[in-house]
Amino acid sequence: MRKNAGQLRIIGGQWRGRKLPILDSDGLRPTTDRVRETLFNWLQFDMADAVVVDLFAGAGGLGLEAASRGAAEVLLIERDKRVATQLSENLNTLKATNARVLVTDALALLQSPSSLPPHWDIVFVDPPFAQGLADQTLERLLNCPQVSTDTLIYLETEHDFSPSSATRWQVIKEKRHGAVQFCLLQKR
């Protein structure tokens, strides 16, 4: 296992202030506290009892924050087994009963999501930058039966990203912070 890269601090909810270890792994770029605070202010009235899918869980900041703030069910999708193991250990540390880790590739999962809950309320899309994953994910979410026009999609990308499917998504809120742009989307 790689060395511990630092800690993730949960900023709100039942586990507010808890610090959890995160691994040093290629492409792992935890969402900053400031960006998470803005996001969860946007989602404050949508989080209670929501089914949340974190497609590129990584350090788990988004999914763990959602679980801490009252989501009914959080699925943390992570393809790196070592990172997924750390996520599972962090869930055990928190004694989380409303979250679980699935070790699989997010894009492959979106091809065949039938084994997952039938409706997703919130989906986090925060893939490694500059690999084309954001665009591919948005395309697959358009055809995912669990995603309706009511589903909120959080997208975090490099500041110059523009989705090829932009006309099929409605931007609800958007903001930039440093080299990152982030927004909430819904299917048109």
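Going by the structure above, here's the rest.
Residues numbered from 1 in each chain as written. Predicted model: local features only at pLDDT ≥ 70, side-chain atom pairs only at ≥ 80, totals over all residues. Heavy atoms only, no water.

Engineer: Is there a simple way to think about the packing of helix α1 (residues 33-42) against helix α2 (residues 61-68) in this case?
Structural biologist: What describes two packed helices is the angle between their axes and the distance between those same axes. Relative to each other, α1 and α2 sit at 45°, their axes nearing to 11 Å. Comparing the axis directions of α1 and α2 gives the class oblique. With respect to the hand of their crossing, α1 and α2 are arranged in right-handed fashion. Judged by residue contacts, Arg36, Leu39 and Phe40 of α1 engage Gly61, Leu62, Glu65 and Ala66 from α2. (Axes fitted to C-alpha atoms, helices over the stretch in contact; angles between N-to-C directions. Helix = DSSP H or I, 4+ residues; strand = E, 2+ residues; numbered from the N terminus. Parallel < 35°, antiparallel > 145°, perpendicular 65-115°, else oblique. Left-handed = near helix turned anticlockwise from the far one by under 90°. Contact = heavy atoms within 4.5 Å.)

Engineer: Before we go on, may I ask you to explain the sheet that holds strand β8 (residues 169-177) in this structure?
Structural biologist: Backbone-to-backbone hydrogen bonds join strands into a sheet, with any given pair of strands oriented parallel or antiparallel. Sheet architecture is open: 7 strands sit in the order β5-β4-β3-β6-β7-β9-β8, paired in mixed fashion. Where the open sheet ends on each side, the last strands, each with one partner, are β5 (99-103) and β8. Direction aside, the axes of adjacent strands within the sheet are offset by 15° on average. As defined by bridge partners, strand β6 (residues 122-125) adjoins strand β7 (residues 152-158) across 4 bridges and the pair is classed as parallel. Note that in β7 the partner of Val123 across the bridge is Ile153. In the packing of helix α3 (residues 81-94) onto the sheet, contacts are made with β4 (73-78) and β5, and the angle to β5 comes to roughly 165°. Running at roughly 165° to β7, helix α5 (residues 133-142) makes contact with β6, β7, β8 and β9 (180-187) of the sheet. (Pairing = 2+ DSSP bridges.)

Engineer: How should I be thinking about the packing of aromatic side chains in this particular structure?
Structural biologist: Any two aromatic rings considered together are summarised by their centre-to-centre distance and by the angle between their planes. Inspection of every chain in the model, using the stated rule, returns 4 aromatic pairs. Summarising the aromatic geometry, the rings of Phe40 and Phe124 are spaced 6.0 Å apart at their centres and angled 65° between planes, so their arrangement reads as edge-to-face. Of this pair, Phe40 sits in helix α1 while Phe124 sits in strand β6, placing them 84 residues apart in sequence. With respect to burial, Phe40 and Phe124 carry one shared label: buried. For the pair Tyr154 and Phe182, a centre-to-centre distance of 6.3 Å together with 50° between the ring planes defines the contact as tilted. Placement of Tyr154 in strand β7 and of Phe182 in strand β9 is noted, with a sequence separation of 28 residues between them. Here Tyr154 matches Phe182 in class, with each residue buried. Taken together, the ring pairs connect Phe40, Trp42, Phe124, Tyr154 and Phe182 into an aromatic cluster. (Phe/Tyr/Trp six-rings, centres within 6.5 Å; stacked < 30°, edge-to-face > 60°. Buried < 20%, exposed > 50% of the residue type's maximum accessible area, 1.4 Å probe, protein only.)

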